[in-house]
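Structural description and commentary
The chain contents come next:
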Amino acid sequence: MNLLKKTQYGLAFILLPLSGFCQSESIKSGSSYFSNALFLTLFITIILLAILIVALGGAFKNIADSDYLINKFKKDEESNTNSTKIVATLLLFVSSFSMFSQNTVAGLKDDGRIGGLDSFTFYFMIALVALELIVLALMLFQFNVLIRTSKTVKEVPKRESTIMQSLVGAVAVEEEDSILLEHDYDGIRELDNDLPPWWKYGFYLTIVVSVVYMLHFHVLGTGDLQLKEYENDIAEAKLAVDEYMKNSANNVDETTVKLLTEQSDLETGKDIFISNCAACHGRAGEGSVGPNLADNYWLHGGSIQDVFKSVKYGWVENGMKSWKEDLSPMQIAQISSFIKSLKGTNPPNPKAAQGDLYTEGEATTQDSTRAQTMAQHTGADTLGTSKQ
Amino acid sequence: MELEKFQYDNKTVKMFAYATIVWGLVGMLAGLIAAIQLYLPSLNLSLPYTTFGRVRPVHTNAVIFAFVGNGIFMGVYYSLQRLLKARMFSDLLSKIHFWGWQLIIVLAAITLVLGKTTGKEYAELEWPIDILITLVWVVFGWNMFGTIIRRRERHLYVAIWFYIATFVTVAMLHIVNSVEIPVSFWKSYSWYAGVQDALIQWWYGHNAVAFFLTTPYLGLMYYFLPKMAQRPVYSYRLSIIHFWALIFLYIWAGPHHLLYTSVPDWAQSLGVVFSVMLIAPSWGGMINGLLTLRGAWDKVRDNVGLKFLVVAVTAYGMATFEGPMLSLKSVSAIAHYTDWIVAHVHVGALGWNGFMTFGILYWLIPKLFQTKLYSQKMANAHFWIGTLGILLYAVPMYWAGFMQSSMWKDFTPEGQLKWQFMDTVTKMIPFYIARSVGGTLYLAGAVLMTYNLIKTIKAGSFLEVEEDEAPALKGDYVAHSKDHWHRWIERKPIQLMVLSLIVVAIGGIIEFVPTFLVKSNIPTIASVKPYTPLELQGRDIYVREGCYTCHSQMIRPFRSETARYGEYSKAGEFVYDHPFQWGSKRTGPDLAREGGKYPDSWHYNHMLDPTSMSPGSIMPQYPWLLEDQIDGNSTMAKIKAMKRLGVPYPDGYEKIALSDMEKQANEITANLKKDGIETLPDREIVALIAYLQRLGKDIKSEKVTDKK
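Remember, predicted model here, so these are calculated numbers, not experimental data. (Residues numbered from 1 in each chain as written. Chains lettered and ligands numbered in written order. Predicted model: local features only at pLDDT ≥ 70, side-chain atom pairs only at ≥ 80, totals over all residues.)

Looking only at helices and strands, chain B features 26 helices and 4 strands. A compact globule built from 708 residues should have a C-alpha radius of gyration of about 27 Å, and chain B, at 26 Å, falls within 12% of that. Over its C-alpha atoms, taken along the principal directions, chain B stretches across nearly 90 × 50 × 50 Å. Burial status across chain B gives 59% buried among its 708 residues. Sequence-distant contacts in chain B: of pairs separated by 6 or more residues, those separated by 24 or more amount to 84%. (Helix = DSSP H or I, 4+ residues; strand = E, 2+ residues; numbered from the N terminus. Rg over C-alpha atoms; globule rule 2.2 N^0.38 Å. Buried ≥ 20, exposed ≤ 12 C-beta atoms within 10 Å, placed from the backbone. Contact = placed C-beta atoms within 7 Å.)

What follows concerns the overall build of chain A. Scanning chain A for helices and strands turns up 13 helices and 4 strands. Put simply, chain A has 388 residues, and 27% of those count as buried. Considering only intrachain contacts with a sequence separation of at least 6, the fraction spanning at least 24 residues in chain A is 74%.

A word on the interface of chain A and chain B. Contacts between chain A and chain B engage 63 residues on the former and 68 residues on the latter. Looking at the side of chain A that touches chain B, the elements that each hand over two or more residues are α2 (37-65), α7 (197-219), α8 (226-246), α10 (278-281) and α13 (369-383) of chain A. Of all the elements, α7(A) adds the most residues to the side of chain A that touches chain B, at 11 residues. Considered class by class, the residues forming the side of chain A that touches chain B number 34 nonpolar, 17 polar and 12 charged. (Nonpolar A, V, L, I, M, F, W, Y, C, P; charged D, E, K, R; others polar.)

The subject of this paragraph is the domain arrangement of chain B. Residues and elements named next belong to chain B. Per the domain assignment, the segments of chain B are domain 1 (8-470 + 492-511) and domain 2 (533-694). Computed from C-alpha coordinates alone, the two centres of domain 1 and domain 2 are separated by 33 Å. At the interface, 42 residues of domain 1 touch 48 residues of domain 2. For the side of domain 1 that touches domain 2, the element with the most residues is helix α2 (residues 52-84), which contributes 5 residues. (Domains from an automatic or database assignment.)

All names here are of chain B. Here His578 and Pro579 are connected by a cis peptide whose omega angle stands at -10°. Tracing the chain through its elements places Pro579 in the loop between α20 (559-565) and α21 (600-608). Phi is positive for Leu45, which is not a glycine, with a value near 60°. Residue placement: Leu45 occurs in the loop between α1 (10-37) and α2. According to the C-beta neighbour criterion, Leu45 is exposed, with 8 such atoms within 10 Å. With phi around 65°, Tyr260 is a residue other than glycine that occupies positive phi space. By the secondary structure assignment, Tyr260 is in the loop between α7 (236-250) and α8 (265-277). Of the residues examined, Tyr260 has 21 C-beta atoms within 10 Å and is grouped as buried.

So, on to helix α11 (residues 304-326) of chain B. Along its 23 residues, α11(B) runs 33 Å from first to last C-alpha, staying within 8% of the 33 Å computed at 1.5 Å per residue. The buried fraction of α11(B) is high, at 18 of 23 residues. (Expected span 1.5 Å × (residues − 1).)

Glancing now at the environment of Ser178(B). Residues and elements named next belong to chain B. On the secondary structure map, Ser178 appears in the loop between α5 (158-177) and β2 (180-184). As a C-alpha pair, Ser178 and Asn452 span 274 residues in sequence and 40 Å in three-dimensional space. Setting aside residues up to four positions removed in sequence, Ser178 forms contacts with Ala123 and Asp130.

All right, on to the pairing of strand β4 (residues 465-471) of chain B then. Residue and element names in this part refer to chain B. The element β4 is barely covered by neighbouring structure, given that only 0 of its 7 residues are classed as buried. Sheet topology note: the strand β1 (residues 3-9)/β4 ladder contains 7 bridges and is antiparallel. Across the sheet, the residue bridging to Tyr8 is Glu466, located in β4. (Pairing = 2+ DSSP bridges.)

With that settled, the discussion passes to the environment of Gln629(B). Residue and element names in this part refer to chain B. With respect to the secondary-structure elements, Gln629 resides in the loop between α23 (624-627) and α24 (635-644). Taking the C-alpha atoms as reference, Gln629 lies 37 Å from Val136; in sequence the two are 493 residues apart. Once you skip the residues sitting within four places of it in the chain, Gln629 turns out to touch Asp682, Arg683 and Glu684.

Attention now goes to the nonpolar core. Leu309(B) and Ala312(B) are the most contacted members of the largest nonpolar core, which totals 227 residues. Ranked by residue count, the leading element in this core is helix α6 (residues 194-229) of chain B, at 23 residues. Inspection of this core shows a minimum of three residues originating in each of domain 1 (8-470 + 492-511) and domain 2 (533-694) of chain B. Beyond its immediate chain neighbours, meaning those up to four positions away, Leu309(B) contacts Phe224(B), Leu225(B), Met228(B), Met356(B) and Gly359(B). Within the second largest apolar cluster, 23 residues are counted, among which are Leu260(A), Ala279(A), Val289(A) and Ile335(A). (Core = buried A, V, L, I, M, F, W, Y, C linked by C-beta atoms within 7 Å.)

Laid out in structure tokens, this is it:
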């Protein structure tokens, strides 16, 4: 059958790059890719779609094998060109796809990562999914055309392929009288077909998996339950962050922070301020829900170290949240420096001054509540802080 | 053998069919409005009644209980009579059933819009309606069993097994989950609290899907699909195994809605493994449906009803494979709280339930009106518009859910969260728009169908009297020795019902009883105290406005969540939460540790206009909370009810509760005044602020006393 061979060629063309891709990935850095959820999802999608395509190909084969289609092709030569068309389109897509993938290879230098994947892998996989979808759509369309054009032909009962039959474990349609039960409910009869073997063994498999799962987590205790999983995750992340911070300009805290005066730092600080702080402190720091930041008065100390500390840990009981989970130390230094630069700008609609007058150069505040509040801060540390 | 003549009751079938169509349109429209409000919050017209938190329950209740519910009854009343060769047991019961059910729907719509809700998803209706539902459901069962007893067919067909399982299980689920203590005529508190309430609610919620959206529709499939295809059912043995396996396993899977929450680990694991084991029994139904069409695929081409059925069964297969995958803890960690879940349920709802209903209507209406469908072309158009609608709905939601989840979990190398919650919200807008386009298409298809069916009805004449004849059953039945063993129970409807009840009761009992009896499942925390009267009033406002439809109150033990929201939630924190408010979707951020995060004035301004405090917010405005007065008179009754539920208020506290409430309200008002906001202490906003400021504060700097 011409059509069948051509379809298979088309399939081979699609699946070939896929398999090559899988191999190259597993050689390079298999485990890290497979721990990426996006990769995994795309990968599974690709496999599922490929299975669908193969299944549909099988259905094509079934139809192609059936007698009535042969009759049809004898009578109707037009659809032969139809089938060439689909294969031609398939090839076209495959070739355009390979061109596309070359393009992305060229663009590999780009550092942007998407969902934890390098952009090449991401686009490659998206392209594969898109290609498979297009092929599926084409096949479905063709399928429809096939069925439709066969309408005119006298229908001869079609025979299922042996693969299909062994898959469902069923008695062939034309012999089903032998297993027709005598039940008759309002004209509905029932066959006594056996359970499809893949279904039956699949069911057994899920039961075995379930037993193993329960043993693993709750009897043998070899699996980590969720709190243990959480602790591991936190510890791992801490290691990674510490490692990164060792070699980073970001390595500032409230004891080492210095007032930044570079224009670029203040600009960045301003941008962060507008998007995160302005809702409560006003766009120009004039204060609204939160206190005025453009005057000389400070509730919690006005030195750069104090401001840094206030932003970093917050004053949760007064409604100022902690920003250390949202902003990097460098960003906090930038905002704090920007805030310090607001002094004397006299923005419109200022909120009344609160707190103590601060004179530049004065030592870090020594108020008696500090020790106590720091203790609270440590408490807040273990609880983690918010970001909304 | 002497033949008995009898007539089928087609009138009730017709009425249920009409109700299905009408409520389908209403429910889908409500869904569309809710979908648009997600990017256009002002579509609520600044009215409390049309705000998302109230429209969403209207949508879910309407499509599940009104659209699908009437669809079930339509199909059952039609098929049951024919499968049993008997008229429905009692015309009066049929009438009470029909009008009772419509009354429930109307009452539901009115009360939900008015904010009368229990705050438990898919079980929002208040206690008087709960009782009414129970009564009408009993009428349905009575009518069904009466018919079964008077049958002229010795054995019960597989469709009827599913109907019977549906009847007993829904009754059990509804009664157990709705145990609540009334405070007033339209207000009650759930009997259960926190973790237990969550377990029971999701045992109910999950099995509402199983026994309201799945088993009855499988029954309908077993009747209408072979009927339309005129083919014998593929495998009788498969029917038996997948029926019993399905109803037994389904019940256990509820906790998969609560993975990584404070529910005990063992219960979560049961939820996981039973969901995995469900794949095969679920697919058994799909296989038996699709393989029944072996050798009859050409009929699918010509019969538009069958076309709908094929897509429905396929969607069922997809959704029931995806479900177990979502129940794996690692997948749930990504998908829970996102639009992925919304996509998943809509593949089931639009594909399986919607298309099955449409397919049956296209076949049934012409039959009832003794004519041909007005336009095959239009029905085909409906098929394609509907399919496209489902795709356009599902694909953006899958994408959105996955994207939002990834953004929530992203950290910078310095160890900070990469995205503000708001960033992840604004990124969703295009997907929400695309989804509403999909929904519009789907609704447009349904409108087209309605027109087509009206035209059909107008052209035909209703077959009021449909006669049939069959021999009466004789008492002296002797079983064939070579019969399948299962034939025995097919002759015994009562035994079948009792056995079904036993099979479905096991899973629930094993999962609940330990959480009630074994203390280590919910370690107590000494610092967790009952809500103050003002906070309780605020909590009731939170429930009334349906805040739980967009905000969760359950922080999972993930680095990305504790960094964003604070310490993960503990089981002991929820012991006074009647009902629990963990939520299932984070359109907005989690609120479990909202208390103390912002000043009172922030909340005041935020309720008046959310965008003033968080630019880009898609939360609707709640100006009426600033105007409306707290219902102080109810305070005493509420405290009393809570005491009866075991919340340890001091003796006689209900008498001083009101003055306590006023005292706290005055403090908040004074606090607001400091920030230049003038408000009266008896306004609802004050109570709501009190509640929000309390959330999650109890265990700050406290240790769990009984750590596992």
